Amino acid sequence: MARVWLIRHGESESNAGLPGGEPGASALTELGRRQAVEIADSLAEPPRLIVTSPFLRARQTAEPTIERFPGAVCEEWPVQEFTFLGELHGQVTTTATRKPYTEAYWSRADPHHAVNGAESFAALFARTQEFLARLGEREPGPIAVFTHGLFIRAVMWSLLTGTTTPDSEAMRGFRAFADTYVVPNGNITELRYTPGTRVPRMVVPLASRFADR
């Protein structure tokens, strides 16, 4: 039985309410950097593989783990955050200024809606399926995946419901799930799977002892 640790990045400047531009450019705060170190220290055994999102905050969170386990293979996979507000791309915004656009997007409940280079909800779930399939192809050994809150929720919801190609009703269901399934910065959720199988099974999430400190 192989294990996968889904690790949400440490606190980012965007999480702290600071203004930011491109979705992948938000860096860690000082708290986020401390969380990254504690994530590395909390892993009880060396990962065989360390996977990072291409987004800066996830790569920065992975750095202490990469330093602690130099023998691990490091790869970048498309496990980046779901970015759906294409109309705001190129603008400097905060969580507060994005809120009405976010509410309008989810109220629309169109899984294929995407503008100005944003990702559609259907495309997000295609990424979760590709991710799960890719895990099944790997050799046994712990895999540490440094990723993002909505992506982790999408993976978990896909496993819970079996959803692979969401419609409007499924999109509304995911929004309700995402609002209640808390994934703090620095949280570690463990999956287990048998190599060669497509879909891992969930185990109880391992909440980081330092999350949100």
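What you see is a predicted model, and the numbers here were worked out from it, not measured in a lab.

Thresholds applied
Residues numbered from 1 in each chain as written. Predicted model: local features only at pLDDT ≥ 70, side-chain atom pairs only at ≥ 80, totals over all residues. Heavy atoms only, no water. Helix = DSSP H or I, 4+ residues; strand = E, 2+ residues; numbered from the N terminus. Rg over C-alpha atoms; globule rule 2.2 N^0.38 Å. Buried < 20%, exposed > 50% of the residue type's maximum accessible area, 1.4 Å probe, protein only. Phe/Tyr/Trp six-rings, centres within 6.5 Å; stacked < 30°, edge-to-face > 60°. Salt bridge = Lys/Arg side-chain N within 4 Å of Asp/Glu carboxyl O. Pairing = 2+ DSSP bridges. Right-handed = clockwise from strand over helix to strand, strands pointing away. Expected span 1.5 Å × (residues − 1). Core = buried A, V, L, I, M, F, W, Y, C linked by side-chain atoms within 4.5 Å. Contact = heavy atoms within 4.5 Å.

Visitor: Any chance you could explain the overall build of the protein here in plain terms?
Guide: Secondary structure summary: the protein contains six helices and six strands in total. Compactness check: the protein gives a C-alpha radius of gyration of 17 Å against a globular reference of 17 Å for 213 residues, within 12% of the reference. C-alpha extents for the protein along the principal axes are approximately 45 × 40 × 25 Å. Within the protein, the fraction of its 213 residues that count as buried is 53%.

Visitor: Help me understand the packing of aromatic side chains in this model?
Guide: Geometry of an aromatic ring pair is reported as the spacing of the ring centres plus the angle between the planes. A full pass over the atoms with the stated rule returns 17 aromatic pairs. With centroids separated by 5.3 Å and ring planes inclined at 80 degrees, the aromatic side chains of Tyr 105 and Trp 106 adopt a geometry described as edge-to-face. The exposure classification of Tyr 105 matches that of Trp 106, with both residues buried. Where Trp 157 meets Phe 174, the ring centres are 5.6 Å apart and the plane angle is 70 degrees; that geometry is what we call edge-to-face. Of this pair, Trp 157 sits in helix 5 (residues 149-161) while Phe 174 sits in helix 6 (residues 168-180); the two residues are 17 residues apart in sequence, bridging distant segments of the chain. Judged by its relative accessible area of 8%, Trp 157 falls in the buried class. Given a relative accessible area of 0%, Phe 174 falls into the buried group. In textbook terms, an aromatic cluster arises when at least three aromatic residues are bridged by ring pairs, as seen for Phe 82, Phe 84, Tyr 105, Trp 106, Phe 121, Phe 125, Trp 157 and Phe 174.

Visitor: I keep staring at the pattern of salt bridges and nothing clicks. Help me out?
Guide: Side-chain pairs of opposite charge can arise whenever the charged atoms involved come near each other. By the definition in use, this model includes six salt bridges. Between Arg 175 and Glu 103 there is a salt bridge, with the nearest N and O atoms lying 3.0 Å from each other. Of this pair, Arg 175 sits in helix 6 while Glu 103 sits in helix 3 (residues 95-108), placing them 72 residues apart in sequence. Look at Arg 175 and you get buried, because its relative accessible area is 18%. A single network of salt bridges, built from pairs that share partners, joins Glu 103, Arg 175 and Asp 179.

Visitor: For this particular structure, what's the right way to read the pairing of strand 3 (residues 73-76)?
Guide: Two elements, strand 2 (residues 49-52) and strand 3, share four bridges in a ladder whose sense is parallel. Paired with Ile 50 across the two strands is Cys 74, which belongs to strand 3. In this region the chain leaves strand 2, passes through helix 2 (residues 56-68) and returns to the parallel neighbour strand 3; the handedness of that crossover is right-handed.

Visitor: What should I look at first to understand the pairing of strand 4 (residues 143-147) in this one?
Guide: The two faces of the sheet receive side chains in turn, since in a regular strand these alternate between them. With five of its five residues buried, strand 4 lies for the most part within the structure. Alternating positions in strand 4 separate into two faces, Ile 143, Val 145 and Thr 147 on one and Ala 144 and Phe 146 on the other, with burial throughout. Here strand 1 (residues 2-8) pairs with strand 4 via five bridges, running parallel. Bridge pairing in strand 4 places Arg 8 opposite Thr 147. Across four bridges, strand 2 lies against strand 4 in parallel orientation. Residue pairing in the sheet places Thr 52 in a bridge with Phe 146 of strand 4.

Visitor: Would you mind going over helix 5 with me for this structure?
Guide: An α-helix turns once per 3.6 residues; consequently, residues spaced three or four apart project the same way. Relative to the 18 Å expected for 13 residues at 1.5 Å per residue, helix 5 spans 18 Å between its end C-alpha atoms, a close match to the ideal helical length. In terms of burial, helix 5 is a largely internal element, eleven of the 13 residues being buried. Within helix 5 the residues assigned to the buried category are Gly 149, Leu 150, Phe 151, Ile 152, Arg 153, Ala 154, Val 155, Met 156, Trp 157, Ser 158 and Leu 159. Within two residues after helix 5, Gly 162 carries a phi angle of roughly 80 degrees, on the positive side.

Visitor: What am I meant to see in the nonpolar core here?
Guide: Soluble globular proteins tend to bury their nonpolar side chains together. The biggest cluster of nonpolar side chains holds 38 residues, and the ones touching the most others in it are Phe 121, Phe 131 and Phe 174. Setting aside residues up to four positions removed in sequence, Phe 174 forms contacts with Trp 106, Phe 121, Phe 125, Leu 150, Arg 153, Ala 154 and Trp 157.

Any functional reading would require information beyond the geometric quantities listed.
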